[in-house]
Amino acid sequence: AAGDFNAVASNAGNAVNAIPVVQAYWKGKAPDASKAAEDAAKAAADLRVAAGLQSQEGIEYSAKMLGSTCGQCHTAHRSALPDGTYEIK
């Protein structure tokens, strides 16, 4: 919810901690995915900083960047399965 800076910071921290796994997986496999993971790491870190500063504008911008970066890579590198799960292409 708007104004829940602690929740945003916590969720951004979870993303910051998870993205190195993504970076390691894509390293050497797909240059665009490696770059997307790098960009996502920056956006997640920026999101955590914005939450710490209680900057709603910064949160909105960083969340948009993170979502866009992740979404583009997910679209390019995964396929939906009939059961609603996904697999990497």
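Residues numbered from 1 in each chain as written. Predicted model: local features only at pLDDT ≥ 70, side-chain atom pairs only at ≥ 80, totals over all residues. Heavy atoms only, no water.

### A word on the overall build of the chain
Along the backbone of the chain there are three helices and two strands. In sequence order, the secondary structure elements of the chain are arranged as α-α-α-β-β. Taken along its principal axes, the extent of the C-alpha atoms in the chain is 40 × 30 × 20 Å. A buried classification covers 25% of the 89 residues belonging to the chain. (Helix = DSSP H or I, 4+ residues; strand = E, 2+ residues; numbered from the N terminus. Buried < 20%, exposed > 50% of the residue type's maximum accessible area, 1.4 Å probe, protein only.)

### Description of helix α3 (residues 56–77)
An ideal rise of 1.5 Å per residue puts 32 Å on 22 residues; α3 measures up with 31 Å between its terminal C-alpha atoms. Residues of α3 that are buried sit in contact with α1 (5–26), α2 (31–52), β1 (78–80) and β2 (86–88). (Expected span 1.5 Å × (residues − 1). Contact = heavy atoms within 4.5 Å.)

### A short note on unusual backbone geometry
Despite not being glycine, Gln 54 has its phi angle at roughly 55 degrees, a positive value. Assessed through its relative accessible area of 54%, Gln 54 is described here as exposed.

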